[in-house]
Amino acid sequence: MNLSVYSAQQIVNEISAIVSQNVNLMDGKGYIIASTDANRIGNFHEGAKKIIENRLKEYYVPKENETPTTRAGLNLPIVINGKIIGVIGITGKYEQIYTYGQIVKKVTEILVRENYIKDRERFDEKNRERFVNNWIFGAGIEQDTTLAESGVKLGIDVTRKRRGMVLRIHELQQLAGNADGQKKIEGVEKKIRCFVCRNSANIYLPMATKQICLVSPRSDDKMLSMSENLVHEIKNIFGVNLLVGIDDCIDGTTNVKDSYLKANKASHACFAPLRCIEFYSQISMEIFLEEIPRALKKEYLRKIFSQISVRDMRKWMKILEAYFSAEGSITLAAQKLFMHKNTLQYKLKKLKESTGYDVRLPSNSAVFYMAILLYREVKDDVFSSDD
């Protein structure tokens, strides 16, 4: 049993808080892997080596016997399943620390076992995530017959039919820009994992900007109901809008890559105008959005908004999103934007003067609808100095 450096430091911190002394934790070779004194981490500890080689029950170093590699204090073996896997060292005089030395030893062994289990679980989870990632984005089950065998070892039946969902947090980048927002993101991801994995056959894969979920097949109505429950739960707990894209495989499919691609395209459609849940069967232009090269997306936006600054373009996007969300109703859009409808009419007229396109005309509206879709994809670097 090996202990990770991260877990070892956690144990040292906990023990130090209990005994109010400097604490070192050495590995099975006698090297300090965690300490209250960061300068000692990585150093060799002679006392620990003696305990390990001679299977000593304890090794005390008095002040007068200190060496460059060993300080005054009591060192005790960490024994797991009859094997010494490391040594815990506590600074101080023998008579002061002996009374609780054995307690510290037992507590350390308990913490080592607990942290080993947690490390193992994290390792298994990472293996599972790597497998699912390869399953979705790799060659797939038809090209790699060993995938099914690997899945069985991880408790995943890749021959089972599933439906795909892609979940995104609205305004993720804004939340990620501060500590409170990051806590919300972590909370949302944990909640989604718990919600989806209530059924052990479901699959959850967290990614940087989205979460991929593969769930047991069900009708669109039931998928909608499940998604609505999750969206409302996330909104009520965290005050965050969750966007959900769903595939069109009502009976489920073993082709999880195709299912993911459809759900991913549907999730893009949730942004413009903002809709929390979207099915692949309901989308239109979003189908080919990912096929457009990034450079071409930016070129399109530059062309349409060539007479408009970056800051003003962002303001126009909010107005356009409200307009499309209101299905072209000036009254409803103005209400969403908290402005008078005459003010909105004036702004849209100014937009026409700047771009040459009138969003109020059916023949021109698609120009701006596409602009919204493309802007969401490249807004971080649409006018970067590198281009």
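Here, every reference points to the structure presented above.
Reading guide: rules and limits
- Residues numbered from 1 in each chain as written.
- Predicted model: local features only at pLDDT ≥ 70, side-chain atom pairs only at ≥ 80, totals over all residues.
- Heavy atoms only, no water.
- Salt bridge = Lys/Arg side-chain N within 4 Å of Asp/Glu carboxyl O.
- Helix = DSSP H or I, 4+ residues; strand = E, 2+ residues; numbered from the N terminus.
- Buried < 20%, exposed > 50% of the residue type's maximum accessible area, 1.4 Å probe, protein only.
- Core = buried A, V, L, I, M, F, W, Y, C linked by side-chain atoms within 4.5 Å.
- Axes fitted to C-alpha atoms, helices over the stretch in contact; angles between N-to-C directions.
- Parallel < 35°, antiparallel > 145°, perpendicular 65-115°, else oblique.
- Left-handed = near helix turned anticlockwise from the far one by under 90°.
- Contact = heavy atoms within 4.5 Å.
- Nonpolar A, V, L, I, M, F, W, Y, C, P; charged D, E, K, R; others polar.
- Pairing = 2+ DSSP bridges.
- 1 Å grid on protein atoms, 1.4 Å probe; cavity = no way out; pocket = protein on both sides within 12 Å on 5 of 7 lines; lining within 4 Å.
- Points joined across faces, edges and corners; volume = space filled by probe spheres on them.
- Polar contact = N/O pair within 3.5 Å; in protein donor to acceptor, adjacent residues only side chain to side chain.

Observations regarding the pattern of salt bridges
Working step 1: Summed over the entire model, instances satisfying the criterion amount to 16 salt bridges.
Working step 2: Residues Arg122 and Asp119 are paired through a salt bridge, measuring 2.3 Å at the closest nitrogen-oxygen approach. In this pair, Arg122 and Asp119 both sit in helix H3 (residues 94-137), three residues apart, roughly one turn of the helix.
Working step 3: The class for Arg122 is partly exposed, based on a relative accessible area of 39%.
Working step 4: In this structure Asp119 comes out as buried when scored by relative accessible area, which is 14%.
Working step 5: A salt bridge links Lys262 to Asp248, with the nearest nitrogen and oxygen atoms 3.1 Å apart. Here Lys262, found in helix H8 (residues 256-269), pairs with Asp248, found in the loop between strand E9 (242-246) and H8; they are 14 residues apart in sequence, far enough to count as distant.

Focus: the nonpolar core
Working step 1: Leu301, Phe305, Met317, Leu320 and Phe368 are the most contacted members of the largest nonpolar core, which has 31 residues in total.
Working step 2: For this core, the secondary structure elements donating two or more residues are helix H9 (294-304), helix H10 (310-325), helix H11 (330-337), helix H12 (341-355) and helix H13 (362-378).
Working step 3: Counting 25 residues, the second-largest nonpolar core is a separate cluster that includes Met165, Ile169, Ile185 and Ile192.

Details of the packing of H10 against H11
Working step 1: Running from N to C, H10 and H11 point in directions that differ by 135°, and their axes come no closer than 8 Å. Judged by the inter-axis angle, H10 sits oblique to H11. Seen from above, H10 lies across H11 with right-handed handedness. Between H10 and H11, the contacting residues are Lys318, Ile319, Ala322, Tyr323 and Ser325 on the first element and Ile330, Ala333, Lys336 and Leu337 on the second.
Working step 2: A breakdown of the residues in the contact of H10 with H11 according to their chemical character gives six nonpolar, one polar and two charged.

Let's talk about the packing of H3 against H8
Each pair of packed helices can be described by the angle between their axes along with the distance between the axes.
Working step 1: Between H3 and H8, whose axes approach to 7 Å, the crossing angle comes to 85°. Taken together, the axes of H3 and H8 lie roughly perpendicular to each other. In contact with Trp135, Ile136 and Phe137 of H3, H8 contributes Val256, Lys257 and Tyr260.
Working step 2: Taken together, the residues that form the contact of H3 with H8 break down as five nonpolar, no polar and one charged.

Focus: the environment of Asn133
Working step 1: Residue position: Asn133 is located in helix H3.
Working step 2: Setting aside residues up to four positions removed in sequence, Asn133 forms contacts with Gly138, Leu205 and Met207.

Section: the sheet that holds strand E10 (residues 277-279)
Working step 1: Read across the open sheet, the five strands follow the order E7-E8-E6-E9-E10; overall the sheet is mixed. Among the strands making up the open sheet, the edge pair consists of strand E7 (203-206) and E10. Pairwise comparison of adjacent strand axes, ignoring direction, gives a mean angle of 15° for this sheet.
Working step 2: Two elements, E7 and strand E8 (residues 211-215), share four bridges in a ladder whose sense is antiparallel. Bridging from a neighbouring strand, Tyr204 pairs with Cys213 of E8.
Working step 3: Contacts from H3 reach E7 and E8 within the one sheet, and its direction differs from that of E7 by about 95°.
Working step 4: The strands touched by H8 are strand E6 (163-169), E8, E9 and E10; relative to E6, the strand with the most contacts, the crossing angle is about 35°.

A few points about the layout of surface pockets
Working step 1: In this structure, the largest pocket spans a volume of roughly 1100 Å³.
Working step 2: What lines the largest pocket is a set of 27 residues, and nearest its centre among them are Gln173, Gln174, Phe271, Arg376 and Lys379.
Working step 3: For the lining of the largest pocket, the secondary structure elements donating two or more residues are E6, helix H5 (172-176), H8, H10 and H13.
Working step 4: By residue number, the principal contributor to the lining of the largest pocket is H10, which donates six residues.
Working step 5: Its residues placed into classes, the lining of the largest pocket shows nine nonpolar, six polar and twelve charged.

Some remarks on the side chain of Lys105
Working step 1: Tracing the chain through its elements places Lys105 in helix H3.
Working step 2: Classification of Lys105 as buried rests on a relative accessible area of 10%.
Working step 3: A distance of 2.8 Å separates the side chain of Lys105 from the backbone oxygen of Pro77, its partner in a polar contact.
Working step 4: Other than its neighbours up to four places away in sequence, Lys105 contacts Leu76, Pro77 and Val79.

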